[in-house]
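Okay, here's what each chain looks like letter by letter:
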Amino acid sequence: MSNRNRPVAGAGCRIGVLGGGQLGRMLGIAGIPLGFRFVFLDPAADACASATGDLLQAGFSDVDAARELAGLVDVATFDFENVPGSSAAALEEICALYPASNALEAAQDRLVEKDLLTSLGIPVPGYRCVSSRTDLLEALDSLGYPAVLKTRRLGYDGKGQAVLRDQEDLERAWQKLAGSELILEAFVPFEAECSLIAVRARDGKTRAWPLTRNVHSDGILTLSLPGVFDEDLESRAATMMQVLMEHLDYCGVLTMEFFLLDGKLLVNEIAPRVHNSGHWTIDGAVCSQFENHLRAITAMPLGNTDMTGCSLMFNWIGRLPDRDKAMAVPGLHWHDYGKSARPGRKIGHATLNAASMEELKAGAMRLASVAGGEFPRLLKSLWA
Ligand code: AMP
């Protein structure tokens, strides 16, 4: 029997993960108590997920390595969405891959993603495909300034994009991005950004964590505050998620990132994986996004996604704050990914838990002053 048809559930189950970054590491940490064993495929010899399992060191487009991984495990998944199609296909030939490659195809190209969401009646910001300078000028005529020019593929954390406010920005952005397939999006003067993370089991059962308010700095997620939106917004987001998950016959955790503008939700992008804005679920929900992803892909019953109190996540980008001072803040959970520090690199996070919003705010102010940098200002914007 090939691995593809082997029933997978329970202790001893071997899980292959394409990608060995911090998301893979947190999957490993969640899976060890469930009795799972992990093999990560990653080009880096020091991939931080390898602390929780074996490492197959190879490039992501190395199809032979993907086949080798598939032969070693019962089920495969990934911790990033830019998995090359040829590697996903090689995995799918040999073992079960969840989420399946149709979800990867939907999320890898911003144009395909927006066309799909639009066809499903899910609102997105205005957008136009840009393949030439003439296209760009026409797109700007119809969407107007300001707008955001983005590469269709491989952009993340604000990379591969530029805000166009005037002709000068246009020239600069065109010099930087011409040569890639592009998309122009209307600039959304959002009141807030938020994300919905949900999980769908193989039998179609779905659960979602509360909608989470997110604050970005330089395009990188900095703070996540769950459970602060009203029921109506929660239910509109959940309906969009349900429509997309059913369309894809999805299995595993799926993330939808939204802009909130005039009470309306517009989808910025989707990620067919566990997500940075759900890290608070490790310490602040009954069952985390990582555990529920593993439960879903191994056909185990899904866990409860309720919050256990109030939570706020701080992302550590480029440097860790003074650990001992931070850990002296009551209710703090510290996560160090074991990665070397580099500007713009996500190297850890902390989740602050509290019994009430007042307590959370007090702890957050204290943690923000320990962390310094942009944190005190961003925190104020969160509660403004
Ligand atoms: P992305 O890589 O598309 O998630 O973009 C990173 C961040 O840039 C988002 O979280 C927003 O803060 C900002 N951004 C991206 N697209 C737009 C847009 N169309 N309008 C306004 N801000 C945007």
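Keep in mind that this is a model prediction, so the values were computed, not measured.

1. A word on the packing of aromatic side chains
Both the distance between ring centres and the angle between the ring planes are used here to describe each pair of aromatic rings.
1) Next: This structure, assessed with the given rule, holds seven aromatic pairs.
2) Next: Arranged with centres 5.2 Å apart and planes meeting at 5°, the rings of F190 and F259 form a pair that is stacked. Separated by 69 residues along the polypeptide, F190 in the loop between strand 9 (182-186) and strand 10 (192-200) and F259 in strand 14 (residues 252-261) bring together distant segments of the chain.
3) Next: Exposure remark for F190: the relative accessible area of 35% places this residue in the partly exposed category.
4) Next: Given a relative accessible area of 9%, F259 falls into the buried group.
5) Next: Aromatic pair F314 and W316: ring centres 5.9 Å apart, planes at 45°, arrangement tilted. Just as F314 is buried, W316 falls in that class too.
6) Next: Joined through ring pairs, the aromatic side chains of F314, W316, W334 and F375 make up one cluster.
7) Next: In this arrangement the basic side chain of R165 is found over the ring face of F187, its NZ or CZ atom lying 5.1 Å from the centre.

2. Structural notes on helix 1 (residues 22-31)
1) Next: With nine of 10 residues buried, helix 1 is to be regarded as a mostly interior element.
2) Next: Every buried residue of helix 1 is listed here: Q22, L23, G24, R25, M26, L27, G28, A30 and G31.

3. Observations concerning the domain arrangement of the chain
1) Next: Each assigned domain of the chain is listed with its residue range as follows: domain 1 (3-97), domain 2 (126-186) and domain 3 (192-383).
2) Next: Domain 1 and domain 3 are separated by 24 Å when their C-alpha centres are compared.
3) Next: Each partner contributes residues to the interface: domain 1 has 21 residues there, and domain 3 has 21 residues.
4) Next: Roughly 1800 Å² of surface becomes buried between domain 1 and domain 3 when both sides are summed, with 72% attributable to carbon and sulfur atoms.
5) Next: Across the domain 1-domain 3 interface, the total number found is five residue pairs in polar contact (both at pLDDT 80 or more).
6) Next: Breaking the side of domain 1 that touches domain 3 down by element, the ones donating at least two residues are helix 1 and strand 4 (75-78).

4. Notes on the side chain of S101
1) Next: By secondary structure assignment, the location of S101 is in helix 4 (residues 101-108).
2) Next: Dropping the residues within four chain positions of it, S101 is found in contact with A88 and E92.

Criteria and cut-off values
- Residues numbered from 1 in each chain as written.
- Predicted model: local features only at pLDDT ≥ 70, side-chain atom pairs only at ≥ 80, totals over all residues.
- Heavy atoms only, no water.
- Phe/Tyr/Trp six-rings, centres within 6.5 Å; stacked < 30°, edge-to-face > 60°.
- Helix = DSSP H or I, 4+ residues; strand = E, 2+ residues; numbered from the N terminus.
- Buried < 20%, exposed > 50% of the residue type's maximum accessible area, 1.4 Å probe, protein only.
- Lys NZ or Arg CZ within 6 Å of the ring centre and 35° of its normal.
- Domains from an automatic or database assignment.
- Contact = heavy atoms within 4.5 Å.
- Buried area = accessible area lost by both parts, 1.4 Å probe.
- Polar contact = N/O pair within 3.5 Å; in protein donor to acceptor, adjacent residues only side chain to side chain.

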